[in-house]
Protein chains: 2
Amino acid sequence: MYEKIIKEKGLSLTKKRVDILRTLDINKKPLMIDDIKKKVKTKMDTSTIYRSLKVLVDSGLVYQTDFREGVSYFEFHGENGHHHHIICTTCKKRESIDICMDKAFPSLEKKTGYKITNHIFEIFGLCKTCLK
Amino acid sequence: MYEKIIKEKGLSLTKKRVDILRTLDINKKPLMIDDIKKKVKTKMDTSTIYRSLKVLVDSGLVYQTDFREGVSYFEFHGENGHHHHIICTTCKKRESIDICMDKAFPSLEKKTGYKITNHIFEIFGLCKTCLK
DNA sequence: TTCATTTTTGCAAAAATTTGCAAAAAAATA
DNA sequence: TATTTTTTTGCAAATTTTTGCAAAAATGAA
Ligand SMILES: [Mn+2]
Ligand SMILES: [Mn+2]
Ligand SMILES: [Zn+2]
Ligand SMILES: [Zn+2]
């Protein structure tokens, strides 16, 4: 399962990477490094988690995002496609949103010559409650 | 000038904030904390730069972005509107792009109840050279 | 301007993230 | 499978970013 996903991206298959990917998938929400370290089955050094995630993010398997809380969050975006978030800069509340401009990517690839692998898109503002 | 811009956002006006904003504006490209610390006219503690930028970013005056180089970059997006980037994950080269979906924000504000102040959008991939 | 109140800044310490290097694991070759 | 080569991992150290607190600066009301 996760083995297949990792191999298909041309990455070397390691137990740690499988473990991290499965952890993100099962939890169905953005996790930070400490969360991952606790939830993972294998004992794993923090630097290994950072380095493994870098590979998974660059390949497009994992979405890395910055909610401006001082730590990075990571989320598995599987079969059902990816999504982005809207975050309140005051109370830090966040919701998923379903808008994205990935439809424009093919023409952008043509224009720039890049092969696009992933992107980050997050919206910040004030939520209904904090506006009052 | 920068005084006016800062006041209009309802932020308190300090010499450091003006200094940082002017530095970003003059340089016309993303700067990292160390760049800013060197280029700024006033001697300024690093933590002050971080904290000042946080305020400027949340207000929407400054664009904070992550090129995945291990440091944050900051760029002033003034009158002429903002822009985003496409970054090569291999050689770290980056270019400005002119696509954005901020036209969709009014309906998103209506749907979510948020007052949107800013957003981050960055595209990653492999450049023409690194694809070979 | 003066005084009281709120916000920002500098400094030191803490926390998050990255990096160099040798050992371990995975991939490639035979 | 056995051997060789390449990549990943753990550990320690370095770098980047955040935070608590007291002093300084900015704001707002006399
Ligand atoms: Mn999400
Ligand atoms: Mn730019
Ligand atoms: Zn809020
Ligand atoms: Zn490249």
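Details of the structure are given in the entry above.
Draft legend 1. Summary view of the coordination of the zinc ion (ligand 3). All names here are of chain A. Taken together, the protein ligands of the zinc ion (ligand 3) are Cys88 (SG), Cys91 (SG), Cys127 (SG) and Cys130 (SG), with distances of 2.2 to 2.4 Å. One can describe the donor arrangement at the zinc ion (ligand 3) as tetrahedral, given that its four donor atoms subtend angles of 102 to 117° at the metal. Binding-site remark: the zinc ion (ligand 3) is held by donors from one chain whose sequence spacing is C-x2-C-x35-C-x2-C. Residue Cys91 is located in the loop between β4 (84-88) and β5 (94-97), and its partner Cys130 is located in helix α6 (residues 128-131); the two are separated by 39 residues in the primary sequence.

Draft legend 2. How the structure looks around the packing of aromatic side chains. For the structure shown, the criterion picks out three aromatic pairs over all chains. On the basis of an interplanar angle of 75° and a centroid distance of 5.8 Å, the ring pair of Phe121 of chain A and Phe121 of chain B is categorised as edge-to-face. Of this pair, Phe121 of chain A sits in strand β6 (residues 115-126) while Phe121 of chain B sits in strand β6 (residues 115-126), each in a different chain. In this pair, the class of Phe121 of chain A matches that of Phe121 of chain B, namely buried. A cation sits over an aromatic face here: Arg68 of chain A above Phe124 of chain A, 3.6 Å from the ring centre. In this structure, Arg94 of chain A packs its charged tip against the face of Tyr73 of chain A, placed 4.7 Å from the ring centre.

Draft legend 3. Structural view of the relation of the copies chain B and chain A. It takes a turn of 180° to lay chain B on chain A, together with a shift of 0.0 Å along the axis; the resulting RMSD is 0.0 Å. Given the turn and translation reported, the copies of this chain are related as if by a two-fold rotation axis. The rotation axis passes nearest to the C-alpha of Phe121 of chain B in chain B, at a distance of 2.1 Å. Of all interface residues in chain B, 100% are interface residues in chain A too; the two copies therefore contact each other through one and the same surface.

Draft legend 4. Looking closely at the side chain of Thr23 of chain B. Position of Thr23 of chain B relative to the elements: it lies in helix α2 (residues 15-27). Beyond its immediate stretch of four places on either side in the chain, Thr23 of chain B contacts Leu31, Lys39 and Val40 of chain B.

Draft legend 5. Inspection of the packing of α2 of chain B against helix α4 (residues 46-59) of chain B at higher detail. Residue and element names in this part refer to chain B. At a closest axis distance of 10 Å, the pairing of α2 and α4 adopts a crossing angle of 75°. Relative to α4, the element α2 is oriented roughly perpendicular. Residues Arg17, Ile20, Leu21 and Leu24 of α2 lie in contact with α4, whose contacting residues are Ile49, Ser52, Leu53, Val55 and Leu56.

Draft legend 6. Up close: helix α4 (residues 46-59) of chain A. All names here are of chain A. The first and last C-alpha atoms of α4 sit 20 Å apart over 14 residues, in line with the 20 Å expected at 1.5 Å per residue. The set of residues buried in α4 consists of Ile49, Ser52, Leu53, Leu56, Val57 and Ser59. Across the axial projection of α4, the buried residues extend over an arc of 160°, all falling on one side. Exposed residues on α4 whose side chains face more than 90 degrees from its buried face are Arg51 and Lys54. In this fold, the buried residues of α4 make contact with α2 (15-27), α3 (33-39), β2 (62-66), β3 (72-76) and β6. In the stretch just after α4, Gly60 is the one whose phi turns positive, near 95°.

Criteria and cut-off values
Residues numbered from 1 in each chain as written. Chains lettered and ligands numbered in written order. Predicted model: local features only at pLDDT ≥ 70, side-chain atom pairs only at ≥ 80, totals over all residues. Heavy atoms only, no water. Donors = N, O, S within 2.8 Å, 3.2 Å for Na, K, Ca; no water. Tetrahedral: all angles 85-135°; square planar, octahedral: opposite > 155°, others 65-115°. Helix = DSSP H or I, 4+ residues; strand = E, 2+ residues; numbered from the N terminus. Phe/Tyr/Trp six-rings, centres within 6.5 Å; stacked < 30°, edge-to-face > 60°. Buried < 20%, exposed > 50% of the residue type's maximum accessible area, 1.4 Å probe, protein only. Lys NZ or Arg CZ within 6 Å of the ring centre and 35° of its normal. Least-squares fit on C-alpha atoms with pLDDT ≥ 70 in both. Contact = heavy atoms within 4.5 Å. Axes fitted to C-alpha atoms, helices over the stretch in contact; angles between N-to-C directions. Parallel < 35°, antiparallel > 145°, perpendicular 65-115°, else oblique. Expected span 1.5 Å × (residues − 1). Arc of directions from axis to C-beta.

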